[in-house]
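# Reading the structure
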Amino acid sequence: MKGIKGLWIFIIGAATLIQIQARADQERCFPASVVEQLAGNFSQLSPYVDRSKTEICESQLGAQWATVVETLIDLKDIRLSDEISYPTKDDFSFKAIPDNGWWQYFIERADQFQLMGSHCSPQVVAYVTPFLRGVVNLCDAFYKENRIARAETLLHEVRHFEGYGHVTCSHGADKGTSGACDDSLPEKGSYAVSMQAEITLGLRGKTFSEAEKALGRAQALYLLQNRFNEPTDVKIRESLYLESADGKVYDWAPQESQAPKAVIRLKEPARIYTSSLDTIIYPLDLNTPAYRMSEDFSSQATQIGMYADAYNKKSPTERAGYKALGYQTDGGILTDGGISTLCGNGFMDIKAGDFAEPINTIVTLEKEVQNPVNLFAGASGKLYRLECNTYMGVQLKPLDSYVPANLKRAFIVGEKRYALTDDGQIFELIKNGNQYELGQDVKFSGINENWIEMAVRTMPYLFDDAKNAQTGVEMGEIY
Amino acid sequence: MKKAFSLALFVIGLIALATLLVFHSPSERGGDDLALDSQVVHEIKPETQKQKKALVPEQRKSLSKKFLDAQLPLPERLDAWLELNRDTRLSPETLTEIALSPNPYRNEKKEPHTVSEMNFRREEGFRIMALQGLEKAALKDPALTKFIEQVSSQAASPTVRKIAGKMKEFVTQGKSYSHLFEQAVLNQEIPQ
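Criteria and cut-off values
- Residues numbered from 1 in each chain as written.
- Chains lettered and ligands numbered in written order.
- Predicted model: local features only at pLDDT ≥ 70, side-chain atom pairs only at ≥ 80, totals over all residues.
- Heavy atoms only, no water.
- Buried < 20%, exposed > 50% of the residue type's maximum accessible area, 1.4 Å probe, protein only.
- Helix = DSSP H or I, 4+ residues; strand = E, 2+ residues; numbered from the N terminus.
- Pairing = 2+ DSSP bridges.
- 1 Å grid on protein atoms, 1.4 Å probe; cavity = no way out; pocket = protein on both sides within 12 Å on 5 of 7 lines; lining within 4 Å.
- Points joined across faces, edges and corners; volume = space filled by probe spheres on them.
- Nonpolar A, V, L, I, M, F, W, Y, C, P; charged D, E, K, R; others polar.
- Axes fitted to C-alpha atoms, helices over the stretch in contact; angles between N-to-C directions.
- pLDDT = per-residue confidence, 0-100.
- Contact = heavy atoms within 4.5 Å.
- Patch = residues over 30% accessible without salt bridge, like charges linked within 9 Å, V, L, I, M, F, W, Y side chains within 5 Å.
- Areas by Shrake-Rupley, 256 points an atom, 1.4 Å probe, with all protein chains shown as cover.
- Salt bridge = Lys/Arg side-chain N within 4 Å of Asp/Glu carboxyl O.
- Parallel < 35°, antiparallel > 145°, perpendicular 65-115°, else oblique.

On to the pairing of strand β23 (residues 416–421) of chain A. Residue and element names in this part refer to chain A. For β23, a buried count of five out of six residues is recorded, marking the element as mostly surrounded by other parts of the structure. The pairing of strand β22 (residues 407–413) with β23 spans six bridges and is classified as antiparallel. Each residue of the ladder has a partner; that of R409, found in β23, is L420. Linkage of β22 to β23, two consecutive antiparallel strands, is achieved through a turn of two residues, within which G414 is found at a positive phi near 65°. Where β23 meets strand β24 (residues 426–432), four bridges bridge the pair, whose relative direction is antiparallel. Looking at β24, one finds that A419 is bridged to F427. Counting the residues between successive antiparallel strands, the hairpin from β23 to β24 contains four residues, one of them, G424, with a positive phi of roughly 85°.

It is worth spelling out unusual backbone geometry at this point. Of all residues except glycine, most have a negative phi; of all peptide bonds, most are trans. With a phi close to 55°, K188 of chain A is a non-glycine residue in the positive phi region. Structurally, K188 of chain A can be placed in the loop between α7 (147–159) and α8 (190–204).

Going through the model one piece at a time under the given rule, you end up with five cavities of 30 Å³ or more. Reported here for the largest cavity is a volume of approximately 160 Å³. In terms of lining, the largest cavity is formed by 17 residues, of which the most central are Y273, L325, Y327, T364 and F411 of chain A. Class assignment for the residues of the lining of the largest cavity results in 11 nonpolar, five polar and one charged. Its boundaries defined by the atoms lining it, the second largest cavity holds a volume of some 100 Å³. Forming the boundary of the second largest cavity are V125, E152, T153, H156, E157, Y191 and S194 of chain A together with H113, T114, E117, M118 and R121 of chain B. For the lining of the second largest cavity, the leading source of residues is α7 of chain A, giving four residues. When grouped by side-chain class, the residues that make up the lining of the second largest cavity number three nonpolar, five polar and four charged.

Attention now moves to the sheet that holds strand β17 (residues 346–351) of chain A. Residues and elements named next belong to chain A. Strand order in the open sheet formed by four strands is β14-β15-β16-β17, and the pairing between neighbours is antiparallel. Since the sheet does not close on itself, it has two edges, and those belong to β14 (322–325) and β17, each with one partner. Ignoring which end each strand starts from, the neighbouring axes of this sheet average 20° apart. Of the strand pairs in this sheet, strand β16 (residues 338–343) and β17 are connected by six bridges, and their pairing is antiparallel. Its bridge partner being in β17, I339 is matched across the sheet by I350.

Residue and element names in this part refer to chain A. When the pLDDT values of chain A are averaged, the result is 85; 86% of them are 70 or greater. Note on residues 16–24: pLDDT is under 50 here. Beyond four places in sequence and across chains, it has eight contacts. Low pLDDT (under 50) marks residues 80–99, which in the prediction has 50 contacts with non-local residues, meaning those over four places away or in another chain.

Our next topic: the environment of R89 of chain B. All names here are of chain B. Looking at where R89 falls in the secondary structure, it is placed in the loop between α3 (74–85) and α4 (92–100). Taking the C-alpha atoms as reference points, R89 and K53, separated by 36 residues in sequence, lie 8.4 Å from one another. Other than its neighbours up to four places away in sequence, R89 contacts A54, L55 and R60.

A cluster of nonpolar side chains, namely M306, L342 and F347 of chain A, defines an oily patch on the protein surface of about 260 Å² accessible area. Structurally, M306 of chain A is set in helix α10 (residues 306–312).

The next thing to look at is the pairing of strand β25 (residues 435–441) of chain A. Residue and element names in this part refer to chain A. Across five bridges, the pairing between β24 and β25 is antiparallel. Across the sheet, the residue bridging to I430 is E437, located in β25. Connecting β24 to the antiparallel partner β25 that follows it, the hairpin turn spans two residues, and G433 within it adopts a positive phi of roughly 65°.

Here the structure, examined in full by the defined rule, presents 34 salt bridges over all chains. One salt bridge in this structure joins E366 of chain A and R417 of chain A, with 3.1 Å as the shortest N-O distance. Of this pair, E366 of chain A sits in strand β18 (residues 359–368) while R417 of chain A sits in strand β23, and the two are 51 residues apart along the sequence. The shortest N-O distance in the salt bridge between E366 of chain A and K431 of chain A comes to 3.3 Å. Here E366 of chain A, found in strand β18, pairs with K431 of chain A, found in strand β24; they are 65 residues apart in sequence, far enough to count as distant. Several salt bridges share partner residues, and in doing so they unite E152, D174, E198 and R227 of chain A together with K110, E117 and R121 of chain B into one network.

Looking now at the packing of helix α4 (residues 63–76) of chain A against α7 of chain A. Axis angle and axis distance: for two packed helices, these are the angle between their axes and the distance between the axes, and together they describe the pair. Residue and element names in this part refer to chain A. Between α4 and α7, whose axes approach to 9 Å, the crossing angle comes to 80°. Relative to α7, the element α4 is oriented roughly perpendicular. Together, T67, E70, T71, D74 and L75 of α4 and R147, R150, A151, L154 and L155 of α7 make up the contact between the two elements. Residue composition of the contact of α4 with α7, grouped by class: four nonpolar, two polar and four charged.

Laid out in structure tokens, this is it:
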């Protein structure tokens, strides 16, 4: 009997110990050095700085401070993810959000927290008052929010210190609700900041679960549709990349009537192609592998695509046979040996010997349902279209359309077409019946006009007018 | 005899306790955690590394119900979403059902900066997540655009209907509205 009693005492004791242990496991702890860094910006954390420890845990900070510290670290840690770091010069970092961008934005506006603001009610999440600049009042609901929502709340609130208030919604889910909307997205008020924070954390946050990030991105779309009285949506800016013989790449939007803007100097002259927002670069030096850069050339992609992968597996001699690449769905790889394209489950080929005439290049002169179409230009100027059929394989079908025989590249931009000729000149391309003819040549004063490449670029934008969607503020170099 | 029995029970209990403590110890956490500079010392499970698996329709239904259950804690609901996405045969019908479903907070008064507003926004977010799943599927297989079209006309939420309309417009051009939106936001300067 006594033994059984002892066992019970033991089991209860063990269960208690396990619970304590489990609680210790769930406790949030932070590197002591990081808490010390945060205390440099938020002096309220100074009492918790302890250099004799490696970690500062929730049991010392208290649950509310632990939540604040966790959120501050999330803000501090917004970093580029899934990218190989590629050495670029600092002055090239025109990226909208540099590594510490959001953190800098926040600490320049906030230096103190009220862990339970005096105007809190069960419904209120957080608030600021204009006459107490720098103080962010947090309420009970803040501590119950998920991490991305907490970070977004802090960034949203500090924007109010600069006089950005809210107005009554004129449409959307909160139509008629006072103080639930901003006038417009371009004014970059608190909701613009919220939306950008949700996207940034939802794409680049490294400490959140994938599902939480997906929720953040989805909520940003909700904000776009419901928080701005002036209707705003995704717009597309089309332009051309022009590359000079020394590897300098310019962005030129013919419809904007502006001179080309230098965006980057490649480490060496190269063939350039665009796919989605990325640029794929095939250096003219055949010993250098192809690589893929993000839309603003600030980082190198880890996955370079099947075409570039295939290229990098070739020997320099085989690479020399490359003539052109087409990155649209009906494009492919054009080499001396023929055409290789994605059809069915993988690459399919047409041998050069099966062509009716030598094929010189790939051009993009038309759109079908807004989608650019790749066409193949023969030595005579005749155009051909690649067709992929699961049963028949790939075929090169002749069209009753012709281009000048000396075209190197040609693209449709908006309603107009532009061509780069073999001798490095740019011309407008005029459609005349079934003929595309060289129109007026395009000259830019003060810019070297020996162009070696042309690629079309599609850039989405939201906040500002189209010219601000141009890549680059200052030109940098890739080393 | 009694003493021996008590001692035996004590020893068994001790072993049990030790075993439980070992299996509950912090050493089970990710080994890299402490190496992460200025990062919360958390266990971060890389969900994307988890294996895909085929769910039976009942499992799919139960997970989608869990995902939409506003009474459940957020982490549980997000876990349900991850499980759903690991399904090798995640059906567009499941995603469509989620996207069509009404927001449980639709009739509540949503004062700005309040819990009810955050709740409403989060529930809308869940439906938009499902819609984005359909968008991704339709970009791979244009025949699935019909599901986005269905959401654009039948979703209970006007916001979801509107976004679905936009997505359909972009998907038919082979473009992802969500991706372009995200890139457009990233390409803007943050206020300084």
